[in-house]
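Residue strings, one per chain:
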Amino acid sequence: MLDLHAVLDGQRLALTRLLTQIENQTEAGQHALAELFPHTGRAHLIGVTGAPGTGKSSLVNQLALGYRKTEAPKKVAILAVDPSSPFTGGAVLGDRIRMAALSGDAGVFIRSMATRGSLGGLAHATAGMVQAFDAAGYEIILIETVGAGQSEVDIARLAHTTLVVEAPGLGDDIQAIKAGILEIADILVVNKADRPGVETTERALRSMLQLAHPVAHVFRHHGQALDVQATAPESEALWLPPIQRTVAADGQGVPELLAYIAAHRVHLEASGDLARRERARLAAELDQRLQDALVEHWRAGAQAGELEQALDALLARQLSPQEAVQRLLNGRKG
Amino acid sequence: MAEQKIRVIVAKPGLDGHDRGAKVVARALRDAGMEVIYTGLRQTPEMIAEAALQEDAHAVGLSILSGAHMELAPRILELLKANGQENVKVFIGGIIPDEDVPRLLELGVAGVYGPGTPTDQIVKEMRAAVAGAQG
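Residues numbered from 1 in each chain as written. Chains lettered and ligands numbered in written order. Predicted model: local features only at pLDDT ≥ 70, side-chain atom pairs only at ≥ 80, totals over all residues.

### Some remarks on the overall build of chain A
Inference 1: In terms of regular secondary structure, chain A is built from 13 helices and eight strands.
Inference 2: Residue burial in chain A is summarised as follows: out of 334 residues, 40% are buried.
Inference 3: Within chain A, contacts between residues at least 6 apart in sequence are counted, and of these 72% link residues at least 24 apart. (Helix = DSSP H or I, 4+ residues; strand = E, 2+ residues; numbered from the N terminus. Buried ≥ 20, exposed ≤ 12 C-beta atoms within 10 Å, placed from the backbone. Contact = placed C-beta atoms within 7 Å.)

Written as structure tokens, this is what we have:
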């Protein structure tokens with residue numbers, strides 16, 4: 001049903017159908033991912049997150065244009081994630097509105113995705129869809145999420161380079177960039193930098209950065225703190241998140257931002273962080289799948305009502321949960 | 001399949017800038033549990049077909065008030081087919097003269113809705129058409 005040769009060949013109809021199977025977490029999708037796995041691990045994954053209204057979609061549009069309008073254009077995939085309505089399960093996904101300039105370019109593939117409620121499931125599906133893009137030969141994969149909570153942090157963990165986008169005039173600057181979101185930032189972007197209040201926003205970010213990255217206080221023998229901006233990231237073992245101003249509406253600051261992303265990639269490779277992150281990510285995936293498989297294995301061999309009986313015993317306080325687990329596992333061997 | 005979400009592209013081809021109707025329909029479809037990919041104003045048929053392909057949409061809803069439906073609709077149907085997406089159901093809302101409706105349906109448009117159509121009806125018919133195309 002799924003033509004994986006066509007996917008590897010870069011055929012878009014095959015890819016789009018595969019993406020649906022992965023998103024719906026079907027068996028066919030899982031099987032395809034297993035087949036495609038050897039072809040993954042080549043793309044640079046860039047996460048773009050930030051509060052609603054900071055201009056993430058416009059920025060992603062500009063970044064993609066930047067990757068396309070060079071002497072050696074790179075194939076770009078965009079995965080734009082927006083929340084589903086918790087009441088109806090439906091969603092209106094509007095990120096494409098800001099990406100009209102990318103239309104008609106066969107080297108760009110934009111896919112919108114709704115969160116569909118389940119957090120763990122979302123992270124799973126996103127990881128799978130990114131692998132599909134990777135296998136299909138997309139070299140740059142931009143993952144756009146609303147920076148509002150744990151699910152976004154989980155998705156950002158997928159990315160090699162995470163951009164956190166902020167904009168002036170959105171009210172309380174500190175509120176918008178909770179410490180958890182800020183800590184995942186490899187690069188901070190102050191978008192809409194032509195608006196008043198840009199200095200205030202940047203100053204707030206800088207002071208938050210110093211809280212979030214206490215290790216960044218590297219003191220030289222003069223006892224003088226190194227300026228965050230003054231460090232040359234690619235030559236240092238430690239990456240200090242730079243702050244870049246942009247105006248996504250007209251592309252100001254985007255070349256500099258692209259240069260920071262490239263520098264971060266160089267840093268990841270030179271410092272060994274790339275291999276470390278990849279190992280940690282795969283370890284987490286392996287662990288999760290192992291747990292799922294073990295539980296599945298146990299269920300397959302379980303006696304009818306075994307679990308219910310254990311639950312009843314727990315409820316009556318005849319067994320502790322610890323003892324119940326022991327009994328359920330041991331009962332199998334006996 | 002356990003949960004097959006209906007994915008719909010809502011687009012406004014052509015040059016008129018009135019997207020109120022499109023937005024009302026987009027909301028109604030969302031409230032019916034569908035995933036609506038809203039692409040905005042001034043979309044070319046090529047842009048709409050490309051969005052349908054990349055989003056693996058089940059249906060495309062076009063809002064056309066400009067009178068260009070007899071040019072736009074066949075072109076979009078043709079592009080969808082060229083992309084291998086002849087299963088995608090195309091719906092049109094807007095100002096469509098009565099005499100054009102049968103011609104559009106004959107071309108392969110799944111439904112045509114004028115002003116004042118209850119959104120429930122659009123939801124119901126879209127669900128039925130998509131279920132038929134997948135089955």
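### Quick word on the environment of Ala136 of chain A
Residue and element names in this part refer to chain A.
Inference 1: For Ala136, the position within the fold is in the loop between α5 (119-135) and β5 (140-146).
Inference 2: For Ala136 and Ala77, which are 59 residues apart along the polypeptide, the C-alpha to C-alpha distance reads 9.9 Å.
Inference 3: Apart from residues no more than four positions distant in its own chain, Ala136 is found in contact with Val7, Leu8, Gly10 and Leu15.

### So, the interface of chain B and chain A
Inference 1: The interface is formed by 26 residues belonging to chain B together with 26 residues belonging to chain A.
Inference 2: Every element with two or more residues in the side of chain B that touches chain A is listed here: α1 (20-31), β2 (35-43) and α2 (45-54) of chain B.
Inference 3: Residue composition of the side of chain B that touches chain A, by class: eleven nonpolar, seven polar and eight charged.
Inference 4: Where strand β3 (residues 91-93) of chain A meets β2 of chain B, three bridges bridge the pair, whose relative direction is parallel. Residue Ala91 of chain A lies in a different strand from β2 of chain B, and its bridge partner there is Glu35 of chain B. (Nonpolar A, V, L, I, M, F, W, Y, C, P; charged D, E, K, R; others polar. Pairing = 2+ DSSP bridges.)

### Some remarks on the confidence of the model for chain A
Residues and elements named next belong to chain A.
Inference 1: Confidence along chain A averages 85 in pLDDT terms, with 84% of residues attaining 70 or more.
Inference 2: The weakest mean pLDDT in chain A belongs to helix α7 (residues 173-176) at 53; the strongest belongs to helix α4 (residues 56-68) at 97.
Inference 3: Scored below 50 in pLDDT, residues 216-236 shows 22 contacts in the model against residues more than four places distant or in partner chains. (pLDDT = per-residue confidence, 0-100.)

### Some points on the pairing of strand β1 (residues 7-13) of chain B
All names here are of chain B.
Inference 1: Across the seven residues that make up β1, a large majority, seven, are buried.
Inference 2: Covered by surrounding structure in β1 are Arg7, Ile9, Ala11 and Pro13 together with Val8, Val10 and Lys12, the residues of both alternating faces.
Inference 3: Summarising the sheet, β1 and β2 pair through six bridges and their orientation is parallel. Bridging across to β2, Pro13 finds its partner in Gln43.
Inference 4: Note that the unit made of β1, α1 and β2 has a crossover that is right-handed.
Inference 5: Of the pairings in the sheet, the one linking β1 to strand β3 (residues 59-64) comprises four bridges and is parallel in character. Bridge pairing in β3 links Ala11 to Leu62. (Right-handed = clockwise from strand over helix to strand, strands pointing away.)

### A short note on unusual backbone geometry
Inference 1: Backbone geometry at Arg317 of chain A places phi at a positive 60°, although glycine is not the residue there.
Inference 2: If you trace the backbone, Arg317 of chain A turns up in the loop between α12 (306-315) and α13 (321-333).
Inference 3: The residue Asp56 of chain B is not glycine, and still its phi comes out positive at about 45°.
Inference 4: With respect to the secondary-structure elements, Asp56 of chain B resides in the loop between α2 and β3.
Inference 5: Taking the number of C-beta atoms within 10 Å as the measure of exposure, Asp56 of chain B has 19 and is therefore partly exposed.

### Points about the sheet that holds strand β2 (residues 76-82) of chain A
Residues and elements named next belong to chain A.
Inference 1: Overall, parallel pairing links the seven strands, which are arranged β4-β2-β5-β1-β6-β7-β8 in an open sheet. Looking at strand neighbours, the two that pair on one side only are β4 (108-114) and β8 (243-245), the edges of this open sheet. Neighbour-to-neighbour, the strand axes of the sheet open up by a mean angle of 20°, direction not taken into account.
Inference 2: Judged from the four bridges that link them, strand β6 (residues 161-166) and strand β7 (residues 187-190) form a sheet pairing that is parallel. Bridge assignment links Leu163 to a residue of β7, and that residue is Ile187.
Inference 3: Together, β1 (44-50), β6, β7 and β8 form the strand contacts of helix α10 (residues 254-271), whose direction differs from that of β7 by roughly 170°. (Axes fitted to C-alpha atoms, helices over the stretch in contact; angles between N-to-C directions.)

### Here we look at the packing of helix α3 (residues 69-82) of chain B against helix α4 (residues 100-107) of chain B
Residues and elements named next belong to chain B.
Inference 1: Following both chains from N to C, one finds α3 and α4 inclined at 10°, their axes separated by 10 Å at the closest point. The angle between α3 and α4 places the two elements in the roughly parallel class. Every residue of α4 that contacts α3 at His69, Met70, Ala73, Pro74 and Leu77 is listed here: Asp100, Leu104 and Leu107.
Inference 2: When its residues are assigned to classes, the contact of α3 with α4 shows six nonpolar, one polar and one charged. (Parallel < 35°, antiparallel > 145°, perpendicular 65-115°, else oblique.)

### Digging into helix α2 (residues 12-23) of chain A
Residues and elements named next belong to chain A.
Inference 1: The end-to-end C-alpha distance of α2 is 16 Å, a good match for the 16 Å that twelve residues give at a rise of 1.5 Å each.
Inference 2: With ten of its twelve residues buried, α2 lies for the most part within the structure.
Inference 3: Among all positions of α2, only Ala14, Leu15, Thr16, Arg17, Leu18, Leu19, Thr20, Gln21, Ile22 and Glu23 are buried.
Inference 4: Following α2 by one or two positions, Gln25 has its phi on the positive side, about 50°. (Expected span 1.5 Å × (residues − 1).)

### What about the sheet that holds strand β5 (residues 111-113) of chain B?
Inference 1: Taken in spatial order, the six strands of this open sheet run β3(A)-β2(B)-β1(B)-β3(B)-β4(B)-β5(B), and their pairing is parallel. The sheet is open, and its two borders are formed by β3 of chain A together with β5 of chain B, each paired with just one other strand. Across the sheet, the mean angle separating the axes of adjacent strands is 20° when strand polarity is ignored.
Inference 2: Across the sheet, α1 of chain B touches β3 of chain A together with β1, β2, β3 and β4 (89-94) of chain B, and the angle it forms with β1 of chain B is around 175°.
Inference 3: Sheet contacts for α2 of chain B: β1, β2 and β3 of chain B; angle to β1 of chain B, the most-contacted strand, approximately 170°.

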